[in-house]
Amino acid sequence: QRITVAHSPDADDAFMFYALATGKVGDPDLEFVHVLQDIQTLNERAFRGEYEVTAVSFHAYAYLSERYALLPHGASMGDGYGPMIVAREPMAPDSLRGKRIAVPGKLTTAVLALGLWCPGLEQTVVRFDEIPDAVLAGRVDAGLIIHEGQVTYGRQGLHKVLDLGEWWTGETGLPLPLGGNVIRKDLGPDVMRRVSRLLHESIRYGLAHRRDALAHAMQYGRGLDVPLADRFVGMYVNQWTLEYGDRGREAVRRLLHRGHERGILAARVEPEFVD
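Each chain carries its own residue numbering, running from 1 in the direction its sequence is written. Note on the predicted model: pLDDT of at least 70 is required for a residue's local features to be given, and 80 or more for side-chain atom pairs to be given and counted; whole-chain, interface and lining totals, by contrast, use all residues. Hydrogens and waters are ignored; side-chain quantities use all the structure's heavy atoms.

## Concerning the pattern of salt bridges
The rule for a salt bridge is simple: a side-chain nitrogen of Lys or Arg has to be within 4 Å of a carboxyl oxygen of Asp or Glu. Applying the stated criterion to the full structure yields 21 salt bridges. In this structure, the salt-bridge partner of R2 is E31, at a minimum N-O distance of 3.2 Å. Residue R2 is located in strand β1 (residues 2-7), and its partner E31 is located in strand β2 (residues 31-36); the two are separated by 29 residues in the primary sequence. The classification of residues rests on relative accessible area computed with a 1.4 Å probe and restricted to protein chains. Under 20% of the type maximum is buried, over 50% is exposed, and intermediate values are partly exposed. Taking relative accessible area as the criterion, E31 reaches 42% and is therefore assigned partly exposed. A salt bridge links D38 to R127; the shortest N-O distance between them is 3.6 Å. With D38 in the loop between β2 and α3 (39-47) and R127 in the loop between β8 (122-125) and α6 (131-136), this residue pair connects regions lying 89 residues apart in the sequence. For D38, a relative accessible area of 16% translates into the label buried. A residue is classified by how much of its surface remains accessible, and R127, at 42% relative accessible area, is partly exposed. What you see here is one network of salt bridges that share partners, running through D27, D29, D190, R194, R197 and E201. Strands are runs of DSSP state E lasting at least two residues, helices are runs of H or I lasting at least four, and both sets are numbered from the N terminus onward.

## Brief notes about helix α10 (residues 210-217)
Each α-helix turn comprises 3.6 residues. Residues three or four places apart therefore point the same way. Listed in full, the buried residues belonging to α10 are A213, L214, H216 and A217. An end-on view of α10 places all buried positions within 160 degrees of arc, on one side of the element. Residues of α10 that are exposed and point more than 90 degrees away from the buried face comprise R211 and A215. Contacts were defined at the residue level, with two residues in contact if any of their heavy atoms lie within 4.5 Å. In this structure, the buried residues of α10 make contact with α1 (11-16), α2 (18-21), α9 (189-208) and α11 (226-236). This arc is taken over the directions from the axis of the helix to the C-beta atoms.

## Considering empty space enclosed by the protein
The method works on a 1 Å grid over the protein atoms by themselves. A cavity is a set of points holding a 1.4 Å probe that cannot get out, a pocket is an open set with protein on both sides within 12 Å along at least five of seven lines, and residues with an atom within 4 Å of a point line them. Grid points are joined across faces, edges and corners, and a volume is the space filled by probe spheres set on the points. Counted by the stated rule, this structure contains 2 cavities of 30 Å³ or more. As a volume, the largest cavity reaches approximately 310 Å³. Lining the largest cavity are 23 residues; nearest its centre among them are I39, S76, H147, L178 and G179. Of all the elements in the fold, those that place two or more residues in the lining of the largest cavity are α1, β3 (53-57), α5 (109-117), β11 (176-184) and α11. It is β11 that provides the largest number of residues to the lining of the largest cavity, a total of 4 residues. Residue composition of the lining of the largest cavity, grouped by class: 9 nonpolar, 11 polar and 3 charged. If you add up the space inside the second largest cavity, you get close to 30 Å³. Together, V5, F17, L20, F32, V53, V195 and L199 line the second largest cavity. Put simply, Ala, Val, Leu, Ile, Met, Phe, Trp, Tyr, Cys and Pro go in the nonpolar bin, Asp, Glu, Lys and Arg in the charged bin, and everything else, Gly too, in the polar bin. The residue makeup of the lining of the second largest cavity, split by class, is 7 nonpolar, no polar and no charged.

## A closer look at the nonpolar core
Joining through side-chain atoms within 4.5 Å is the link that ties buried Ala, Val, Leu, Ile, Met, Phe, Trp, Tyr and Cys residues into a set, and such a set is a nonpolar core. Formed by 89 residues in total, the largest nonpolar core has its most connected members in I3, F32, L70, I85, L144, I183 and Y244. Not counting residues within four places of it along the chain, the set of residues in contact with I183 comprises E52, V53, R67, Y68, A69, L71, M192, V195 and V274. Of all hydrophobic cores here, the second largest spans 11 residues; its members include V86, A102, V126 and V140.

## A short note on the environment of P271
As for its position among the elements, P271 is in the segment after α13 (245-261). Along the chain, P271 and V252 lie 19 residues apart, while their C-alpha atoms are 7.2 Å from each other. Setting aside chain neighbours within four positions, we find P271 in contact with Y61, L70, V252, R253 and L256.

## Here we look at unusual backbone geometry
Even without glycine at this site, H147 takes up a positive phi of about 55 degrees. Position of H147 relative to the elements: it lies in the loop between β9 (142-145) and α7 (149-152).

Structure below.
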């Protein structure tokens, strides 16, 4: 049975799927095909159910829970760090009102967190890897950066205005759930569990063979040298990735419930995990 696994072309996702993509782990009855696309595209295609397994933003998951279940591992969580608002010059967070902010996609969790922090900010959607240049060129007043931008913004000459992951952890005492891996429910419980086990083994293999997995991930580390790639991977492939645990699952619930309470999400969603 062919299973398409879709994820973003980022060093952390590549690290996570290294063992599965290179045949270090596998199942003789399952053939895995890997598709790499940016997170906004993955979110959009998940609405059409195109892929059996896909990475999605937790913001998007709020609208996908009828078709997809969350795998119990593979999450990217910011434990005291996360998407950042950056600007060309130092700026106080409260001065962002009335300013135009570039965001990486309306269904990204970064945008959900931005709305929870300060509703009503003017947003302009810009492809995530073009946001730093848009800020530097003055096409927008500030940018909401995700992925590698969180560790490279300083050397690009940008200034941090606010770290939304730091804000969220200060508010809730929980990590900020950014993205997770989901699986289509129509595969049935047996296949869902087998795929879940393989993904867990792939993450565990990568963490146990960090040097090899990092070398593989460097193919996708846009603008990252080895120390920065290692730092970035360590931020988003860690104990939360292996298993959400009670705090991780509560963080997902809290994020989705608060999004509904603030009127950002239309319905109250209870996250559903594969056993």
